[in-house]
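Examining the three-dimensional arrangement
One-letter residues, chain by chain:
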Amino acid sequence: MEVQYRDSLVGIGKIVRITNQHSEALTEVLVRIENPNGDVKNHTIATLDRGGTIELGWKKLDGFEVEVGAEVALRCVGYALPLIVELSGEE
């Protein structure tokens, strides 16, 4: 999986882009986003097709604003350990 972020087009937080680079679809992808101030938001993606990308921002996260420096942890069926990425200020 690849995790990137971009600015929100409406200026509210960042938009997290998650791309499945695996050769198969991933199911029950659990996304945990923790901002530097400790605020946490969890989101579940039922299926992410191979090569598919989903974007998560304040609208899909019910008003939660993703900040630079947030930690994004991804878990899914078939993998024991999460992928953990920090959204650094160098994007």
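Residues numbered from 1 in each chain as written. Predicted model: local features only at pLDDT ≥ 70, side-chain atom pairs only at ≥ 80, totals over all residues. Heavy atoms only, no water.

The pairing of strand 3 (residues 26-34) with strand 4 (residues 40-48) spans eight bridges and is classified as antiparallel. Looking across to strand 4, one finds that Thr 27 is bridged to Thr 47. Between strand 3 and strand 4, which pair antiparallel and follow one another directly, the connecting turn spans five residues, one of which, Gly 38, has a positive phi of 100°. The sheet contact formed by strand 3 and strand 6 (residues 71-75) spans five bridges and is antiparallel. The residue of strand 6 that forms the bridge with Ile 33 is Val 72. (Pairing = 2+ DSSP bridges. Helix = DSSP H or I, 4+ residues; strand = E, 2+ residues; numbered from the N terminus.)

For the rest of this paragraph, the subject is the layout of surface pockets. Taken as a whole, the largest pocket holds about 160 Å³ of empty space. Along the walls of the largest pocket sit Met 1, Asn 20, His 22, Leu 26, Leu 74, Arg 75, Cys 76, Tyr 79, Leu 81, Pro 82 and Leu 83, which together make up its complete lining. Of the residues that constitute the lining of the largest pocket, the class distribution is eight nonpolar, two polar and one charged. (1 Å grid on protein atoms, 1.4 Å probe; cavity = no way out; pocket = protein on both sides within 12 Å on 5 of 7 lines; lining within 4 Å. Points joined across faces, edges and corners; volume = space filled by probe spheres on them. Nonpolar A, V, L, I, M, F, W, Y, C, P; charged D, E, K, R; others polar.)

Take the sheet that holds strand 6 next. Ordered in space as 4-3-6-7, the four strands form an open sheet in which the pairing is antiparallel. Each of the sheet's edge strands pairs with one partner strand only, and the pair in question is strand 4 and strand 7 (83-86). Between one strand axis and the next, the sheet turns by 20° as a mean value, whatever way the strands run. With four bridges connecting them, strand 6 and strand 7 associate as antiparallel partners. When the bridges of strand 7 are listed, Glu 71 appears paired with Glu 86. (Axes fitted to C-alpha atoms, helices over the stretch in contact; angles between N-to-C directions.)

All right, on to the side chain of Thr 19 then. Residue placement: Thr 19 occurs in strand 2 (residues 14-19). Polar contacts involving the side chain of Thr 19 include one to the side chain of Thr 53, which spans 2.8 Å. Residues in contact with Thr 19, not counting those within four places in the same chain, are Met 1, Glu 2, Leu 48, Gly 51, Gly 52 and Thr 53. (Polar contact = N/O pair within 3.5 Å; in protein donor to acceptor, adjacent residues only side chain to side chain. Contact = heavy atoms within 4.5 Å.)

Here we take up the environment of Glu 71. Checked against the element boundaries, Glu 71 lands in strand 6. Along the primary structure Glu 71 and Ile 33 are separated by 38 residues, whereas in three dimensions their C-alpha atoms are 5.7 Å apart. Glu 71 has contacts with Arg 32, Ile 33, Glu 34, Ile 84, Val 85 and Glu 86, leaving out every residue within four places of it along the chain.

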